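Given next are the chains, with one letter for each unit.
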Amino acid sequence: ELINFIEDNMFPTVTNITQESMTQVLKPYGRKGVMLFRTPNESKQLDADFIKLSIAHKSAKYIFIVGDCKETMGERVAKHIGIDNTKSPQMVIAEKKEDLARYEYKGELTFEAMDKYLTLFKEGKISRTMKSEDEPKENNGPVYKVVGKTFKQDVIDNQMDVFVKFYAPWCGHCKELAPIYHLSLIHI
């Protein structure tokens, strides 16, 4: 019980973005980071609601971190976890398993709304945020486009053999080979 108490109280209720606090989030299977990125001139109510959120969900599994997205460390962390540091304020949950996963919160930044989001996250009802194009509206036939949001379903979990061509839309060689790949895959 002493170890649990120490782990639960190792950090303040809300801590700033520092090398030490981020080490807790970025080490494999470490704490889940509930991070609020904002500028110093944001609403005092937002800070109060985030502190209230951290008290309501206090656990050794979570660390509540606040940071200035325009300041060097905050900007570095935002870039590392893949969020746009020009949008402020914003909340994101980050966790490291095999890779770094992030769950961007897009709703209203009030205690009630953030509390509901974090509760849904804890219940496993929030999907990971991925950089991805939107799913194509029409995507049928032997050759179709797979995007980040559909990769697991279309490629990894697919029961059929799948050939995936990764390409860069700006690449000249990719553009030249596209019709050749398309024709060959139709005949397989």
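Below is a short write-up of the structure.

Within the chain one finds seven helices and five strands. Along the chain, helices and strands appear, N-terminal first, in the series α-β-α-β-α-β-α-β-β-α-α-α. Computed over C-alpha atoms, the radius of gyration of the chain comes to 21 Å, more than 25% over the 16 Å expected from 2.2 N^0.38 for 188 residues, which places it beyond the range of a compact globule. Along the first, second and third principal axes, the C-alpha atoms of the chain reach 65 × 40 × 30 Å. In the chain, which comprises 188 residues, the share counted as buried stands at 33%.

What follows deals with helix α5 (residues 111-122). Quick reminder: α-helices carry 3.6 residues per turn. Residues three or four places apart thus point the same way. With twelve residues, α5 extends 16 Å between its outermost C-alpha atoms, agreeing within 8% with the 16 Å of an ideal straight helix rising 1.5 Å per residue. Taken together, the buried positions of α5 are F111, M114, Y117, L118 and F121. The buried side chains of α5 occupy one side of the element, clustering within an arc of 135° when seen end-on. In α5, the exposed residues that point more than 90 degrees away from the buried face are E112 and K116. Buried positions along α5 lie against β2 (32-38), α3 (44-56), β3 (62-68), β4 (90-96) and β5 (100-105).

Rules behind the numbers
Residues numbered from 1 in each chain as written. Predicted model: local features only at pLDDT ≥ 70, side-chain atom pairs only at ≥ 80, totals over all residues. Heavy atoms only, no water. Helix = DSSP H or I, 4+ residues; strand = E, 2+ residues; numbered from the N terminus. Rg over C-alpha atoms; globule rule 2.2 N^0.38 Å. Buried < 20%, exposed > 50% of the residue type's maximum accessible area, 1.4 Å probe, protein only. Expected span 1.5 Å × (residues − 1). Arc of directions from axis to C-beta. Contact = heavy atoms within 4.5 Å.

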